[in-house]
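Geometric and topological summary
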Amino acid sequence: MHLYVHVPFCARRCSYCDFAIAVRREVPSGRFVEAALTEWTQRRRESPVSEWTTLHTLYLGGGTPSRLAPDALGELLDRLSADLPLAAGAEVTLEANPDDVSEAAVDAWRRAGVNRVSLGVQSHDPAVLAWMHRTHSVDQVPAAIAMLRDGGIDNLSLDLIFALPAELERDWTADLERTLALAPDHISLYGLTIEPASPLGRWLARGEVVPSSDDRYAAEYLEAHRQLVAAGFEHYEVSNAARPGRRASHNSAYWTGAEFLGIGPGAHSFLGGARSWNLREWAAWERALAEGGDPRESAEPLSAAQRRLESIYLGLRTTGGLPGAELPESTVATWLEAGWAERIGDRIRLTVEGWLRLDALVAGVEGS
Ligand code: SF4
């Protein structure tokens, strides 16, 4: 019983971003909340959501959900939890940009039930933040963290992006050290990918940027692993590390193949053995709901072969791994020999060297 709410609004588009967002100076918070609750009511009538009794995790992602007016966010969470109570200890995460954090906002978020914040830090280098078109400054990150902690939200995750173009001369080691000095509970690491529909994709097409080399990607990923483990973090998923007891429950549900409902523009769901996804554009999604229609763009039941592959892919993402019997013996032997995997009892899990090759290894299984 996991719910994702996609809040699409951003102040501007970051250079690397191709997500389903709507750039708005003024966020139509009230309209968004009404539309999201309309979708929730629709989906709540359908099985299996109709059988849900409590909500174990709620994740407000985006976009930039911290740009929703705090009272609108409070109303959204109040009305959702009035319909479906939060389980004891439920994780309620809000993605936030550092420049949206204020004492008043933190107070409103905490009163609304938010108990975890995922902060989009990305880098501590002003030139890199400017290149990324981020709206926050370097100094706003420690200030935001202090306000969150002082305001009673002490479960904090920080996002960082690595493998930037060499011309930026980004000091990744220093960025990691500055991040660890902020004592977060959780860190998410994203290797930069250049999406054709992002501003960066257009820069690439015009020859204005040279992507990071694979060697740089690997070196920075391994350096992150080294620093995080040395600082006492568990690198528990290919892109995520946590202090003991601070793993992300919502994301962990995805990685274990649990069912979840997503509402909001572009949100994905996995329910009853089928994936579905919503209309991506804010206006189209809102209009569909206003007209009493279904905002889903499409749905796809997963075949047995797709489910097998998905379970292999998800299992290999985490330190939990998967039963060795689910993989061809010759594949396991090759991975063990190369140092890409290790055997823990009857399970196989990838090493950090294996995670560097995750997609290729899964593609190899698919072709076997
Ligand atoms: S804040 Fe996040 S969702 Fe919004 S444009 Fe930047 S990367 Fe994309």
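Residues numbered from 1 in each chain as written. Predicted model: local features only at pLDDT ≥ 70, side-chain atom pairs only at ≥ 80, totals over all residues. Heavy atoms only, no water.

Another aspect to go through is the overall build of the protein chain. The helix and strand inventory of the protein chain stands at 14 helices and 17 strands. The C-alpha radius of gyration of the protein chain comes to 21 Å, within 12% of the 21 Å expected for a compact globule of 368 residues. Here the C-alpha coordinates of the protein chain stretch approximately 55 × 50 × 45 Å along the principal axes. Across the 368 residues of the protein chain, 51% fall into the buried class. Taking the contacts inside the protein chain whose residues are at least 6 apart along the sequence as the reference set, 68% of them involve residues at least 24 apart. Carbon and sulfur atoms make up 51% of the accessible area of the protein chain, which totals about 16000 Å². Averaging the locations of the 35 positively and 51 negatively charged side chains of the protein chain gives two centres separated by 2 Å. (Helix = DSSP H or I, 4+ residues; strand = E, 2+ residues; numbered from the N terminus. Rg over C-alpha atoms; globule rule 2.2 N^0.38 Å. Buried < 20%, exposed > 50% of the residue type's maximum accessible area, 1.4 Å probe, protein only. Contact = heavy atoms within 4.5 Å. Areas by Shrake-Rupley, 256 points an atom, 1.4 Å probe, with all protein chains shown as cover. Lys, Arg positive; Asp, Glu negative; His and termini not counted. Charge placed at Lys NZ, Arg CZ, Asp CG, Glu CD.)

With respect to the element layout, proline 142 can be found in helix α5 (residues 140–150). The sequence separation of proline 142 and alanine 325 amounts to 183 residues, and the corresponding C-alpha distance is 47 Å.

Taken together, three strands build an open sheet; the order of strands is β15-β17-β16 and the sheet is antiparallel. Either end of the sheet is taken by a strand with one partner, and the two such strands are β15 (322–323) and β16 (341–344). As judged from the four bridges shared by β16 and strand β17 (residues 347–350), these two strands associate in the antiparallel manner. Of the residues in β17, the one forming a bridge with arginine 343 is isoleucine 348. Along the sheet face, helix α12 (residues 329–338) touches β16 and β17 and points at about 110 degrees away from the line of β16. (Pairing = 2+ DSSP bridges. Axes fitted to C-alpha atoms, helices over the stretch in contact; angles between N-to-C directions.)

What follows covers the packing of helix α2 (residues 70–83) against helix α3 (residues 103–112). Here α2 crosses α3 at 5 degrees, and the two axes come no closer than 9 Å. Accordingly, the angle class assigned to the pair α2 and α3 is roughly parallel. Each of Pro70, Leu73, Gly74 and Leu77 in α2 lies in contact with α3, whose residues at this interface are Ala105, Ala108, Trp109 and Ala112. When its residues are assigned to classes, the contact of α2 with α3 shows seven nonpolar, one polar and no charged. (Parallel < 35°, antiparallel > 145°, perpendicular 65-115°, else oblique. Nonpolar A, V, L, I, M, F, W, Y, C, P; charged D, E, K, R; others polar.)

Right, let's talk about the packing of aromatic side chains for a bit. For the structure shown, the criterion picks out 12 aromatic pairs. Ring centres 5.7 Å apart and planes at 35 degrees place the aromatic pair phenylalanine 162 and tryptophan 172 in the tilted group. With phenylalanine 162 in strand β7 (residues 156–162) and tryptophan 172 in helix α6 (residues 172–181), this pair connects stretches of sequence that are 10 residues apart. Per residue, the accessibility class of phenylalanine 162 equals that of tryptophan 172, and both read buried. Members of the aromatic cluster, connected to one another through ring pairs, are Phe9, Phe32, Trp282 and Trp285. (Phe/Tyr/Trp six-rings, centres within 6.5 Å; stacked < 30°, edge-to-face > 60°.)

This paragraph deals with the domain arrangement of the protein chain. With domains assigned, the protein chain is organised as domain 1 (2–255) and domain 2 (304–366). In this complex, domain 1 contributes 13 residues to the contact, which on the side of domain 2 involves nine residues. Contact with domain 2 buries surface across domain 1, with Leu222, Val238 and Trp255 losing the most and accounting together for 44% of the total. Viewed at the interface, domain 2 and domain 1 are joined by one salt bridge. When the shortest N-O distance is used, the salt bridge between arginine 317 and glutamate 237 registers 2.5 Å. Residue composition of the side of domain 1 that touches domain 2, grouped by class: eight nonpolar, three polar and two charged. (Domains from an automatic or database assignment. Buried area = accessible area lost by both parts, 1.4 Å probe. Salt bridge = Lys/Arg side-chain N within 4 Å of Asp/Glu carboxyl O.)

Turning next to the side chain of glutamine 42. Summarising the element assignment, glutamine 42 is placed in helix α1 (residues 29–44). The exposure class of glutamine 42 is buried, given its relative accessible area of 16%. Excluding residues within four positions of it along the chain, glutamine 42 makes contact with Leu289, Gly292, Gly293, Asp294 and Pro295.

Take the pairing of strand β5 (residues 86–96) next. Taken together, the five bridges between strand β4 (residues 55–62) and β5 define a ladder with parallel strand orientation. Residue pairing in the sheet places threonine 57 in a bridge with glutamate 91 of β5. Following the backbone out of β4, through α2 and into the adjacent parallel β5, one traces a crossover that is right-handed. Pairing geometry for β5 and strand β6 (residues 116–122), over four bridges, is parallel. Bridge pairing in β6 places threonine 93 opposite arginine 116. (Right-handed = clockwise from strand over helix to strand, strands pointing away.)

Strand order across the open sheet formed by nine strands is β9-β10-β8-β7-β6-β5-β4-β1-β11, with mixed pairing between neighbours. Since the sheet does not close on itself, it has two edges, and those belong to β9 (234–237) and β11 (261–263), each with one partner. Taking each pair of neighbouring strands and ignoring which way they run, the sheet shows an average axis angle of 20 degrees. Bridge count for β6 against β7 is five bridges, and the pairing is parallel. Across the sheet, residue valine 117 finds its bridge partner in β7, namely leucine 156.

Taken as a whole and judged by the stated rule, the model has 21 salt bridges. Arginine 110 is the salt-bridge partner of aspartate 107, the closest N and O atoms lying 2.6 Å from each other. On the criterion of helical spacing, the pair formed by aspartate 107 and arginine 110 is a turn pair, its members being three residues apart in helix α3. By relative accessible area, which is 30% here, aspartate 107 ends up partly exposed. We note a salt bridge from arginine 111 to aspartate 107, for which the minimum N-O separation is 3.2 Å. Within this pair, arginine 111 and its partner aspartate 107 are both found in helix α3, separated by four residues, close to a single helical turn. Because the salt bridges share partners, they merge into one network encompassing Arg43, Glu46, Asp294 and Arg296.

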